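Structural features, examined
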Amino acid sequence: MQGENPNPNQTPSDNQNRIITSQLSEKFREARELILWLVKTIKSYRIYALNNPILTRFVDQLNQKLRFYLKKHGSFRFSIDEFRFIFDGEVIYENEDMTESLPFLMHRNGLRELWFDDGLKYKELEDFLKTFRSYEILKDSQEDLVTLLWDKEFSSIHFWATDDFLWAPIEIPEKMKNIIEKMEMPMGEQENIELNTLPRWFFKSGEFDEVKEAIPREIEQVDYTNLLMTLVEVISHSGKDCKTFELVFDFLEKVLDRLLHLQDFKNLIKILSFTKILISDRRLDSNEMEFIQKITNYLGEPGSIERLIASLARFKNFNHEQFQKYLCLLSKNAIVPLCEAWLKMESVEGKMAISNALVELGKEDIPALASFLEDERPLLVLNVINILGKIGKDECIPHIARVKGHGDSNVRNEGLHVLSMFNHQEAKALLPSYLDDSQMQIRINASKILAKKLGTDALYYLGPLILSKEFDNRELKERKAYLESLGKVQVADSVRILEEILYRKIFSKRAQWKKLKSCIEAVLVFMDLDEAKAALAKWKKKRKKWFFRLLY
Amino acid sequence: MISDQDLYQTRLDFVRKLSLLIRTIRIYNPENETIDRHLEECLHLISAILKEEKRLSLKVLMDAIFVNEERLRISKDSYQSIKLIMDELKDRMIGEVLFRWPVSLEDLKGFLYLLIGSEWGNGGDGHPLGTQLIKENIYSITVKPFDPIFIDEKLRKKEAKKIYFRSIAMVKEVCQNLLEDKPLALRKGKRLTQSMVDLLLSDKVALLGLATVKNYDEYTYNHSVNVSIYSLALGAKLGFSKKVLAELGLAALFHDVGKARIPDTVLKKPDKLNEVEWEMIRSHPMIGVEEILEIHQFAEVHPRILFGIFDHHLNFNISGYPSLKRKKKQTLFGRIITIGDVYDALTTPRCYRKRVYSPVDALKLMWKECGAQFDPTLFKVFVNVIGVYPIGSLVQLDDDEMGIVYNINPDPKLLDRPTVLTISKEGGKARTVNLSEPDEKAGGFKRSIVRCLDPKKYGIHVQEHFL
């Protein structure tokens, strides 16, 4: 309706005013929606894991809305009050809950104004949002939000931050006379400098580029070996000053915590490896020695291990190889927390890395590891038995023996298997006791292991048992297994026992006995003994006779 | 509808009235009738513009004032008013003032008193003006900060001065707090270093020029800030990120913090130090580290900062102090700070040294120590940063005119051809001359440096040109 005034009583100026107001309110509405998305997304960044799809959806939406707004209006700018965001002089968002208010968080950190310019890239927005996550994670280390934002060097995101001290009045001398008048000493005068007399002051062509390339390598990575040496020097110079010792260690503790949080295994390995080198230095005084030992102890403490595991849970794709290498360098105090960590670790590779490290660390303190054999969590006990087996030291045997009476049959079974890995007489002596286990499968396994590990001696345990009356009452499966085990003991006495059963007269359970005798036949076939062959031939002949007798 | 010409006149009248109002408020007490009269007149003009244009924006860009995006022409009559408004806003880093309908008399009065009572855009109680306005429930008037890209050289220089002297005050406060066992405010240091980095990356000269200020009385504080500036300039040349630069700046700012524990009688002793006193001096990097570790209880301190403090007297070949039980490399931060530290120390008058080295002499002396005390590569970078004739050097030109080196030549092959601020011996007006300007007729360059001069001998206060 171009050129027509819909309301004749309305003046053109009023109409114009209405249009401007509606335009303004539309802009305000758009800005408010944007603010709400920004708040939601930042909140999500503080809650969800980085790989959570919800987070990606939030960022995508925010990015879309911001781009649309910036294209339309050029920039999005708002001020930050204690609990409010203010846009164009009006409150656009308010949250007075100090625990979760974004305006409060920003205001407390000194942020007073924030603006986004057209040309904002997705990556930049993502980095901006991640900063709030980093702040959340690092806030215990007193890192401030302004520094974290400033460090990022954003090109389309700007902020205005203040600190009261920056606005406090400062005395600036307009004239420097007072200062200059003190400079009474003469300065030497110098004839002009011929540049060609000082060629070495300047870089040859390309030399500076080389320097610029080399320098970042030195600056990007903190030299933790150098840091450790510096701190040891401070400890060394401070003598018996306990306060300095505590201060130095407190500093290092925070450095280590940060490395743990970042899962920087490379540098943690560097630090621990260097402590091992330092410990072998004969010049170490008692203070220095205590300091170095404190480092390895600290990393092995439950708190440090828990922090690391929590951090690993957040970022699932970690370097398992480096993780294991690092754990292996810890001291024995890490055994107990690592056992607990093993249970919490979700990744199979992670669990394996911890177990492998426990094998190494456990060698130093078997009782600490073995203390978990009394644990109520069978999975953990199983793993500890396994680790003790891998350690393979004879002193593990009495500990493993303790699980013989464990309530969980899997644990007892694992104990049996692990014991079978030892060649020590003590372990061998423990094996027969498993023939009395309440679980059939364990007894079966024990019979097999006995035959394998004890050889002829197994006959001493298996023979009387197989020939006992009680044995006849056992399940066929078990009896067959025992006979097979007996067959593996390749001696004439085994053949004799087998023959004895083979020729035993049967009055009941004929079908079972038939199967059992077939099993003995099979066992004899596989026995590599002349006596077995002869016994089998004799038995076959006798069976033939019986067969003909039955026929005729 | 009023004509464009009338509209322009109303805008100009508004600026004039605002300027008059500011002057009046400064003179009279708040109850004075004159203020109320001017306020009403100014409000009348504001309302007229808002009624006509629905918005009123007063913006400062470079050296011009814009009302509703229209630049006000500076005439003989309007110059004073425009200049006053421009200075008032620039001084407070305010880039734009927005008036929204309806503006009340109380809002306008409240705004003006807050503006006048503020420094750098902050209200009376130390908060930025924008926040202060909201606190006072003034929503019809809002302010926006000055956009950094429009900050001109003069303003940058002013900002540089504030940052410089604030940093000195901060180092002084840190040292005094140390002696009183008060906690140290690292956040303050961080903010100032961040400001220094921002400034250095936009205008190196403003800060390097200020490093020519050598305060004999408060040597340690002044020296710490100067070393921080030199280190930052060197780090920036090496392409450090802003994050690393801020760490370097902070390490340099605190590199001598350990000296706070050494008595003045030793630090300012004009005679030769005895062995005990030397031992005290040699202990300052170690004490510095301990002090920083103390700060670390309250705030995050990056290991690099620790390196800077511990290593700054270690020397490139580890011949310095503190003496080490086991050999270790001098870190990059340590190597950088060593160069800045020695250069500033040599060019600053000291109680125990009869001679102050000219910037050039200091570089020559330092060159002799390259490989032993200094990293030769970093020394070369340093020369590239400050030039063969460093900023602040007083030089004699081949036409007998004197000049103060004001900016170095960015071309590494023309490091001996800086920009100088000429000073005629008769005290004529200074002007900047680029010594790399070729002489097209005769070949070569139009003007060259003949020699370095002693400013004291000619009564020239080099520092004043950077302040």
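These remarks concern the structure in this document. Here the residue index of a chain counts from 1 through its sequence in written order. A letter from A marks each chain and a number from 1 marks each ligand, given out in the order of writing. This being a predicted model, a pLDDT of at least 70 is required before a residue's local features are given, and a value of 80 or more before pairs of side-chain atoms are given or counted; all residues contribute to the totals for chains, interfaces and linings. Excluded from the side-chain calculation are hydrogens and water; included are all heavy atoms of the structure.

This part covers the sheet that holds strand E5 (residues 157–161) of chain A. All names here are of chain A. Pairing between two strands requires that DSSP report at least two bridges joining them. Strands here are runs of E lasting at least two residues and helices are runs of H or I lasting at least four, both read from the DSSP assignment and numbered beginning at the N terminus. Read across the open sheet, the five strands follow the order E3-E2-E1-E4-E5; overall the sheet is antiparallel. The sheet is open, and its two borders are formed by strand E3 (90–94) and E5, each paired with just one other strand. The mean inter-strand angle of the sheet, taken between neighbouring strand axes irrespective of direction, is 25°. In terms of strand pairing, strand E1 (residues 75–80) meets strand E4 (residues 111–117) through five bridges, oriented antiparallel. For Phe78, the partnering residue across the bridge sits in E4 and is Leu114. In this analysis, two residues are considered to be in contact whenever any of their non-hydrogen atoms come within 4.5 Å of each other. Fitting a line to C-alpha atoms yields each axis, with helices limited to the stretch in contact; the angle taken between N-to-C directions then spans 0 to 180 degrees. Helix H2 (residues 53–73) contacts E1, strand E2 (84–87) and E4 of the sheet and is inclined by roughly 105° relative to E1.

What follows covers the side chain of A:Asn287. Residue and element names in this part refer to chain A. Its place among the elements puts Asn287 in helix H12 (residues 286–300). The cut-offs for exposure are 20% and 50% of the maximum accessible area for each residue type, with area from a 1.4 Å probe on protein chains only; residues under the lower value are buried, those over the upper are exposed, and the others partly exposed. Assessed through its relative accessible area of 12%, Asn287 is described here as buried. Sequence-distant contacts of Asn287, that is, excluding residues within four places in its chain, are made with Ile235, Gly239, Lys240 and Phe245.

As a further point, take helix H17 (residues 376–386) of chain B. Working note: α-helix, 3.6 residues per turn, so residues spaced by three or four point in the same direction. Burial within H17(B) is extensive, with nine of its eleven residues counted as buried. Within the sequence span of H17(B), burial applies to B:Leu378, B:Phe379, B:Lys380, B:Val381, B:Phe382, B:Val383, B:Asn384, B:Val385 and B:Ile386. Each element contacted by the buried residues of H17(B) is listed here: helix H8 (207–220) of chain A together with helix H8 (204–210), helix H9 (219–237), helix H15 (332–346) and helix H16 (359–368) of chain B. Measuring from the side-chain oxygen of the N-cap residue of H17(B) to the backbone nitrogen of B:Thr377 gives 3.0 Å; that N-cap residue is B:Asp375. Counting of polar contacts relies on pairs of N or O atoms within 3.5 Å, with two restrictions inside protein: one atom must be capable of donating a hydrogen and the other of accepting it, and residues adjacent in sequence are counted only when both atoms are side-chain atoms.

In this section: the nonpolar core. Residue types Ala, Val, Leu, Ile, Met, Phe, Trp, Tyr and Cys, when buried and joined through side-chain atoms within 4.5 Å, form a set referred to as a nonpolar core. Grouped together as the largest cluster of nonpolar side chains are 213 residues, with contacts concentrated most on A:Phe291, A:Phe323, A:Tyr326, A:Ile354, A:Leu388 and B:Phe240. If near-sequence neighbours (up to four positions away) are discounted, A:Phe291 is found in contact with A:Leu231, A:Val232, A:Ile235, A:Phe245, A:Val248, A:Phe249 and A:Leu252. Counting 42 residues, the second largest nonpolar core, distinct from the first, contains A:Phe58, A:Leu102, A:Leu145 and A:Val146.

Turning our eyes to something else, we now look at the pattern of salt bridges. Within this document, salt bridges are pairs made up of a side-chain nitrogen of Lys or Arg and a carboxyl oxygen of Asp or Glu, the two lying within 4 Å of each other. The final tally for this structure, using the stated rule, is 47 salt bridges over all chains. One salt bridge connects A:Asp81 with A:Arg84, and the closest N-O pair in it is separated by 2.8 Å. Taking relative accessible area as the criterion, A:Asp81 reaches 7% and is therefore assigned buried. The partner of B:Glu247 in a salt bridge is B:Lys243, and the shortest N-O contact between them spans 3.5 Å. On the criterion of helical spacing, the pair formed by B:Glu247 and B:Lys243 is a turn pair, its members being four residues apart in helix H10 (residues 242–253). Residue classification places B:Lys243 among the partly exposed positions, given a relative accessible area of 34%. Within this structure, A:Asp281, A:Arg283, A:Asp285, A:Glu288, B:Lys325 and B:Arg326 form a network of salt bridges that share partners.

As a further point, take helix H9 (residues 224–238) of chain A. Residues and elements named next belong to chain A. The length a helix should cover is 1.5 Å for every residue beyond the first. Spanning 15 residues, H9 covers 21 Å between terminal C-alpha atoms, matching the ideal 21 Å at 1.5 Å per step. Judged by how many residues are buried, H9 sits mostly within the fold: twelve of 15 residues are covered. One side-chain oxygen at the N-terminal end of H9 lies 3.2 Å from the backbone nitrogen of Thr225; it belongs to Asp223. Once H9 ends, the next one or two residues include Gly239, with phi positive near 60°.

Here the focus is the packing of aromatic side chains. Residue and element names in this part refer to chain A. Each Phe, Tyr or Trp ring (for Trp, its six-membered ring) is paired with any other whose centre lies within 6.5 Å, and the angle between the two planes then decides the class: stacked below 30 degrees, edge-to-face above 60, tilted in between. Summed over all chains, the structure comprises 28 aromatic pairs over all chains. Look at Tyr69 and Phe76: their rings are 5.1 Å apart centre to centre, the planes differ by 70°, and that puts the pair in the edge-to-face class. Phe76 carries the same exposure label as Tyr69, and that label is buried. Ring geometry for Phe249 and Tyr298: centres 6.0 Å apart, planes at 85°, overall edge-to-face. Of this pair, Phe249 sits in helix H10 (residues 242–261) while Tyr298 sits in helix H12, placing them 49 residues apart in sequence. Across this residue pair, the class does not change: Phe249 and Tyr298 are buried. By the ring-pair criterion, three or more aromatic residues cluster together here, those being Phe28, Tyr69, Phe76, Phe78, Phe85, Phe87, Tyr93, Phe116, Phe128, Phe132 and Phe154.

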